[in-house]
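# Structure assessment
If you want the building blocks of each chain, they are given just below.
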Amino acid sequence: MITELLLWASITLIVMAGCYNTSLFLLSRRRIRRSRSDRKERLYVFLVACLNEEKVLSESLARITSLPARNFMALVIDDGSDDRTSEIALAADPDLVRLHRRTPPNARKGKGAALNDGVRHLRESGLLAGHDPADVVLCVVDADGRLDPHVVQSVDPYFDDPKTGAVQVCVRMYNRRSGLLARMQDMEFVVYGDVFQSARRSIGSVGMGGNGQFMRLSALNTLDGDGPWSDSLTEDLDLGVRLIAKGWTNQHCTAAAVSQQAVLSLRRLIRQRSRWFQGHLQSAGLVPLILRDVPTRAALDLLYHLSSPVLILLTSLLPLSFLVALGATTVASVQVGHPLVSPMWLLGPYLLSFTAAYAYGFVYAKRERELGLVRSVLLAHLFVFYGYIWFAAGWWGFWRMLTGQRGWLKTART
């Protein structure tokens, strides 16, 4: 009886999620037209928060300093590194790259604290003197982030709308050809950007992704607290919601991307996702703010998004309940001497699990034309199984929260 209840409860959750995902897929296919206005000269400041990033920082700075943009700089925030991170920053173009060192006991308190200190340094150092905060755009780039050369040209028109507070670009994996695990991460970010984020442009609930997020300084100045970023493990999610609550519009740009390094170890990947999961759990504290200050349609979508950790934990019971039910049916079939169900019994679980794979394969094939539609759909079937890592990461993150562990699980670079 309990097994059947778990099975039907899990099926109900999957059907609800399927309807939601289908709605977002249809919304994501809509074209968004932007009104044209006079162009303005803006200052772009790329914030690169670093903790022992000597393996990847040089390439990222080389990409930033070679951007064909007119008015920009990069600020490397060394958050107490004990490797060559600062040396690499100092070796870059001094006209375009500045270094801000953080030292103990203030350093190593999380990415949000490092970014807040970087913004404070920009204000106090005079680097922004003479610039209207409305015309200063800050961009968060991870130390392994590689921006597309045309990223500024693609993002800048969004800020012509004075209501735009932030713009998130697409995220890709630059080592996506390094194995199946890397390919799955690339598909994950493509699907999230091209389906979920693109659809949320019509809803008004676009989120920030931490890497490749562009923010108007005047928008950040309206946020309450000691700095724009909170101490949440998913400070980017928190920031995006608070900007929407302040009346700003978040946009998603599909014409440019930042590429980052995919994690090639399954254990490290689950470790990274457990941090994200725990951060989502922490974001439950945003619910009163959403209910009070966010328009209804966007609020409903954000509330559903914030509930995803609970839904993931509940959905993780489906494979277990399905296997138990299948085992019980198999035993009963052996006892009576003939099958109790036909092979068509497997059609239902297949449709529940893999219908989305065809939509995801279609979306990914448009980004990775070299793979073709058939191979992309086959990869999307594997992507469904790849999604099971969220079950392991979810329960790990939930355990960390129950036991009061809040330490930053930094992803190691290679």
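In case you missed it, the structure is sitting above this.
For the structure given in this document, a descriptive report is provided here. (Residues numbered from 1 in each chain as written. Predicted model: local features only at pLDDT ≥ 70, side-chain atom pairs only at ≥ 80, totals over all residues. Heavy atoms only, no water.)

## So, the side chain of Asp186
Within the fold, Asp186 resides in helix H6 (residues 180-203). Classification of Asp186 by relative accessible area gives buried; the value is 0%. (Helix = DSSP H or I, 4+ residues; strand = E, 2+ residues; numbered from the N terminus. Buried < 20%, exposed > 50% of the residue type's maximum accessible area, 1.4 Å probe, protein only.)

## Brief notes about empty space enclosed by the protein
By the definition in use, this model includes one cavity of 30 Å³ or more. Size it by volume and the largest cavity reaches roughly 60 Å³. Taken together, Tyr192, Arg200, Ser205, Val206, Gly207, Leu237, Gly240, Val241, Ile244, Leu302 and His305 make up the lining of the largest cavity. Listing elements by their share of the lining of the largest cavity, those giving two or more residues are H6, helix H8 (235-245) and helix H11 (296-306). Looking at the lining of the largest cavity residue by residue, the class counts come to six nonpolar, four polar and one charged. (1 Å grid on protein atoms, 1.4 Å probe; cavity = no way out; pocket = protein on both sides within 12 Å on 5 of 7 lines; lining within 4 Å. Points joined across faces, edges and corners; volume = space filled by probe spheres on them. Nonpolar A, V, L, I, M, F, W, Y, C, P; charged D, E, K, R; others polar.)

## Some points on the environment of Ser283
On the secondary structure map, Ser283 appears in the loop between helix H9 (266-282) and helix H10 (287-293). Remark: the alpha-carbon pair of Ser283 and Ser307, spanning 24 residues in sequence, is separated by 9.5 Å. Excluding residues within four positions of it along the chain, Ser283 makes contact with Ser232, Thr234, Leu237 and Leu306. Within the structure, Ser283 has its side chain in polar contact with the backbone oxygen of Gly279 (distance 3.0 Å). (Contact = heavy atoms within 4.5 Å. Polar contact = N/O pair within 3.5 Å; in protein donor to acceptor, adjacent residues only side chain to side chain.)

## Topic: the layout of surface pockets
To find leftover empty space, a probe the size of one water molecule is rolled over the atoms. By volume, the second largest pocket is sized at about 520 Å³. Together, 18 residues line the second largest pocket, and Ser28, Arg30, Arg31, Arg201 and Thr254 are the ones closest to its centre. Looking at the lining of the second largest pocket, the elements with two or more residues in it are H6, strand E8 (249-260) and helix H14 (347-367). Taken together, the residues of the lining of the second largest pocket sort by class into three nonpolar, five polar and 10 charged.

Read these as spatial facts, not as claims about activity.
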